[in-house]
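Inside the fold
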Amino acid sequence: MTRADLNLLITLDVLLTEGSVARAARRLRLSPSAMSRALARLRETIGDPLLVRAGRGLVPTPRAVELRERVGPLVQEAEAILRPAEALDLQRLVRTFSVRASDGFVEAFGPELIAHIQAEAPGIRLRFVQKLDKDSTLLREGSVDLETGVIGAAQSPEIRTRALFSDHFVGVVRRGHPLATGEITADRFAARRHILVSRRGLDKGPIDDALEAIGLRRDIATIVTGFSPALSLARGSDLVAIVPERHTRTLRDGMVTFPLPVSVPEISVSLLWHPRLDADPAHRWLRECVRRVCGMQNSPDDMGGVPAETGNNRGRRPQADLLPDY
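Summarised in this report is the structure supplied together with it. These numbers were taken from a predicted model, which means no experiment stands behind them.

Conventions used here
- Residues numbered from 1 in each chain as written.
- Predicted model: local features only at pLDDT ≥ 70, side-chain atom pairs only at ≥ 80, totals over all residues.
- Heavy atoms only, no water.
- 1 Å grid on protein atoms, 1.4 Å probe; cavity = no way out; pocket = protein on both sides within 12 Å on 5 of 7 lines; lining within 4 Å.
- Points joined across faces, edges and corners; volume = space filled by probe spheres on them.
- Helix = DSSP H or I, 4+ residues; strand = E, 2+ residues; numbered from the N terminus.
- Nonpolar A, V, L, I, M, F, W, Y, C, P; charged D, E, K, R; others polar.
- Pairing = 2+ DSSP bridges.
- Axes fitted to C-alpha atoms, helices over the stretch in contact; angles between N-to-C directions.
- Contact = heavy atoms within 4.5 Å.
- Salt bridge = Lys/Arg side-chain N within 4 Å of Asp/Glu carboxyl O.
- Buried < 20%, exposed > 50% of the residue type's maximum accessible area, 1.4 Å probe, protein only.
- Parallel < 35°, antiparallel > 145°, perpendicular 65-115°, else oblique.
- Phe/Tyr/Trp six-rings, centres within 6.5 Å; stacked < 30°, edge-to-face > 60°.
- Lys NZ or Arg CZ within 6 Å of the ring centre and 35° of its normal.

Time to look at the layout of surface pockets. In this structure, the largest pocket encloses a volume near 540 Å³. Lining of the largest pocket is provided by 24 residues; of these, D13, T17, Q76, E158 and H274 occupy positions nearest its centre. When contributions to the lining of the largest pocket are tallied by element, the ones reaching two or more residues are α1 (7-18), α2 (21-28) and α4 (62-82). At seven residues, the largest contribution of residues to the lining of the largest pocket is made by α4. When the residues that make up the lining of the largest pocket are grouped by side-chain class, the tally is eight nonpolar, seven polar and nine charged.

Take the sheet that holds strand β12 (residues 267-273) next. On the basis of which strands lie adjacent, the open sheet formed by five strands has the order β4-β3-β5-β12-β6 and mixed pairing. Each edge of the open sheet carries a strand with a single partner, namely β4 (124-130) and β6 (160-167). When the angles between neighbouring strand axes are averaged without regard to direction, this sheet yields 25°. Across four bridges, strand β5 (residues 146-150) lies against β12 in antiparallel orientation. Counterpart to T148 in the pairing with β12 is L271. On the sheet, helix α5 (residues 103-120) packs against β3 (95-101), β4, β5 and β6 and is oriented at approximately 175° with respect to β4.

Looking now at the pattern of salt bridges. Under the criterion given, the structure shown has 20 salt bridges. Of the charged contacts, one joins R27 and E18 as a salt bridge, the two residues approaching to 2.9 Å between their closest N and O atoms. Judged by its relative accessible area of 38%, R27 falls in the partly exposed class. By relative accessible area, E18 is classed as buried at 18%. R162 is the partner of E288 in a salt bridge, and the nearest nitrogen-oxygen pair spans 3.8 Å. Of this pair, E288 sits in helix α10 (residues 281-296) while R162 sits in strand β6; the two residues are 126 residues apart in sequence, bridging distant segments of the chain. Under the relative-accessibility criterion, E288 is labelled partly exposed at 24%. If you follow the salt bridges from partner to partner, you end up with E18, R23 and R27 in one network.

For the pair α1 and helix α3 (residues 32-46), the least separation of the axes is 10 Å and the interaxial angle reads 105°. Taken together, the axes of α1 and α3 lie roughly perpendicular to each other. Counting all contacts with α1, which are made through L8, T11, L12 and L15, the residues of α3 involved are M35, A38, L39, R41, L42, T45 and I46. Tallied by class, residues from the contact of α1 with α3 come to eight nonpolar, two polar and one charged.

One non-glycine residue with positive phi stands out, namely R29, at about 60°. Inspection of the secondary structure puts R29 in the loop between α2 and α3. The phi dihedral of L50 is positive, around 65°, even though this residue is not glycine. Mapped onto the elements of the fold, L50 is located in the loop between α3 and β1 (51-54).

Bringing the packing of aromatic side chains into the picture now. The geometry of two aromatic rings is summed up by the distance between their centres and the angle between their planes. On inspection of all chains with the given rule, the structure shows three aromatic pairs. With centroids separated by 5.2 Å and ring planes inclined at 40°, the aromatic side chains of F109 and F165 adopt a geometry described as tilted. Residue F109 is located in helix α5, and its partner F165 is located in strand β6; the two are separated by 56 residues in the primary sequence. Here the aromatic cluster, defined as three or more aromatic residues joined through ring pairs, consists of F105, F109 and F165. If you follow R287 out to its NZ or CZ, it ends over the ring of W273, 4.3 Å from the centre.

Remember, this is a structural readout, not a statement about activity or role.
Shown next as structure tokens:
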């Protein structure tokens, strides 16, 4: 019986990840013709075309989609086996990690995270990268080591995730605002002028859906792309801002916060990273630092139900775009 060429697993992993012969060739530092020959060998060995032409690009076959979920972990496990084990010396470790997160997350958790890291590994430096969208390309390319956010429907299936905490929405107004006193009924709430937060520039959101379900409609005075500008506008006007409670805790100082009179689902904020860093000791340590810092600010109720690291987000129900800044 002919023994299979296990080197083809690496080629297969890169081809299925990139979905392009040209990009796979560049990543493996091969010529396009050599990569085409490797694809031909894979097709013959597996007995499936794997990637087929669709317009100007290639799309995976059902067999390729199945293999993509299996071959990545196999290659990573093999690389981990062949990598020499080294004890992690945090006091001597010198490294810069790029963390992609919203400004609000940095404001809420950044100071404590930096202090936590400096106490254990003074040679570690964090580079925070602004998060403008939910595209996971930077994680795949290795430009970003870690990311925080709400898992969306378009999340790349190979990305590893771990839930950090849940957050819920609250209403915020300036002191002296008509809603600063008295019972906040749905009618009083809807009668005021509001700020809508939408990164994509939408003119309505989950709050509007909840109000419409009970026959009410609010007046959207302005639309902004983040929670910080929403709070700044609410602080200096009679507008109402709707923001996540934990995410904006420090930004709401001096303002009046109230529970929403309509039901809006909570969201789960997660940690995201590429599987190539799964076994990296320093990266695993950093992930644990982020988890601990976010957990320290949890209430006892928040701490329940935080799952262990998962291989990917398969089986998770994508959340609505309730939290555009995350």
